[in-house]
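Close look at the chain arrangement
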Amino acid sequence: MARTNSSKPARAEQPSGEDAPNPVWFKPVMFGFMLLGLLWIIVFYVSQGALPVAALGSWNILIGFGIAFVGFLMTTRWR
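- Where an unreviewed UniProt entry is consulted, the protein chain appears under the name Cell division protein CrgA, with the organism given as Agromyces aurantiacus.
- Of the comments in the UniProt record for the protein chain, the one headed Sequence similarities (unreviewed entry) reads "Belongs to the CrgA family."
- Its UniProt record gives the protein chain a comment under Function (unreviewed entry), which states: "Involved in cell division."

**Some thoughts on the overall build of the protein chain**
- Within the protein chain, the regular secondary structure consists of 2 helices and 0 strands.
- Looking at the 79 residues of the protein chain, the share that counts as buried comes to 18%.
- Per element, the accessible surface of the protein chain, about 6,700 Å² overall, is 66% carbon and sulfur.

**What to know about the side chain of Asn-60**
- Within the secondary structure layout, Asn-60 lies in helix H2 (residues 59-74).
- A distance of 3.2 Å separates polar atoms of two side chains, one belonging to Asn-60 and the other to Trp-40.
- Those residues in contact with Asn-60, other than ones at most four positions away along the chain, are Trp-40, Phe-44, Leu-51, Pro-52 and Val-53.

**Overview of H2**
- Counted at 1.5 Å a residue, the expected span for H2 with its 16 residues is 22 Å, and the 23 Å between its end C-alpha atoms agrees.
- Along H2, the residues that are buried comprise Asn-60, Gly-64, Ile-67, Ala-68, Gly-71 and Met-74. All buried residues of H2 project into a common sector of 110° when viewed along the axis, lining one side. Facing away from the buried side of H2, by more than 90 degrees, are the exposed residues Trp-59 and Phe-65.
- Structurally, H2 contributes buried residues whose contacts are with helix H1 (26-46).

**A closer look at H1**
- Counted at 1.5 Å a residue, the expected span for H1 with its 21 residues is 30 Å, and the 30 Å between its end C-alpha atoms agrees.
- Phe-26, Met-30, Met-34, Gly-37, Ile-41 and Phe-44 are the residues of H1 that are buried. Taken around the axis of H1, the buried residues stretch over an arc of 100°, which confines them to a single face. Seen from the buried face of H1, the exposed residues on the opposite side, beyond 90 degrees, are Pro-28, Leu-35 and Val-46.
- Along its buried surface, H1 packs onto H2.
- Where H1 terminates, the next one or two residues include Gln-48, which has phi positive at roughly 55°.

About the criteria used
Residues numbered from 1 in each chain as written. Predicted model: local features only at pLDDT ≥ 70, side-chain atom pairs only at ≥ 80, totals over all residues. Heavy atoms only, no water. UniProt positions renumbered as here; feature names shortened; annotations may be inferred. Helix = DSSP H or I, 4+ residues; strand = E, 2+ residues; numbered from the N terminus. Buried < 20%, exposed > 50% of the residue type's maximum accessible area, 1.4 Å probe, protein only. Areas by Shrake-Rupley, 256 points an atom, 1.4 Å probe, with all protein chains shown as cover. Polar contact = N/O pair within 3.5 Å; in protein donor to acceptor, adjacent residues only side chain to side chain. Contact = heavy atoms within 4.5 Å. Expected span 1.5 Å × (residues − 1). Arc of directions from axis to C-beta.

As structure tokens, this is what we get:
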């Protein structure tokens, strides 16, 4: 059998683009958005609309769902 006299070890292919793994911060931020949105809605209901921002009224529900929705959108990029 013939051997090559290459002193360089074979390089493992680096995933690039869409195949690359997520950064370390991605999962905590994703779950953080989902939990923050849920907590926003729960606080609104438990406080009977006085919290988190009383001036927004029922818009607090939309804000809570919007924050949670950002977290759910992030799940489409999770690897």
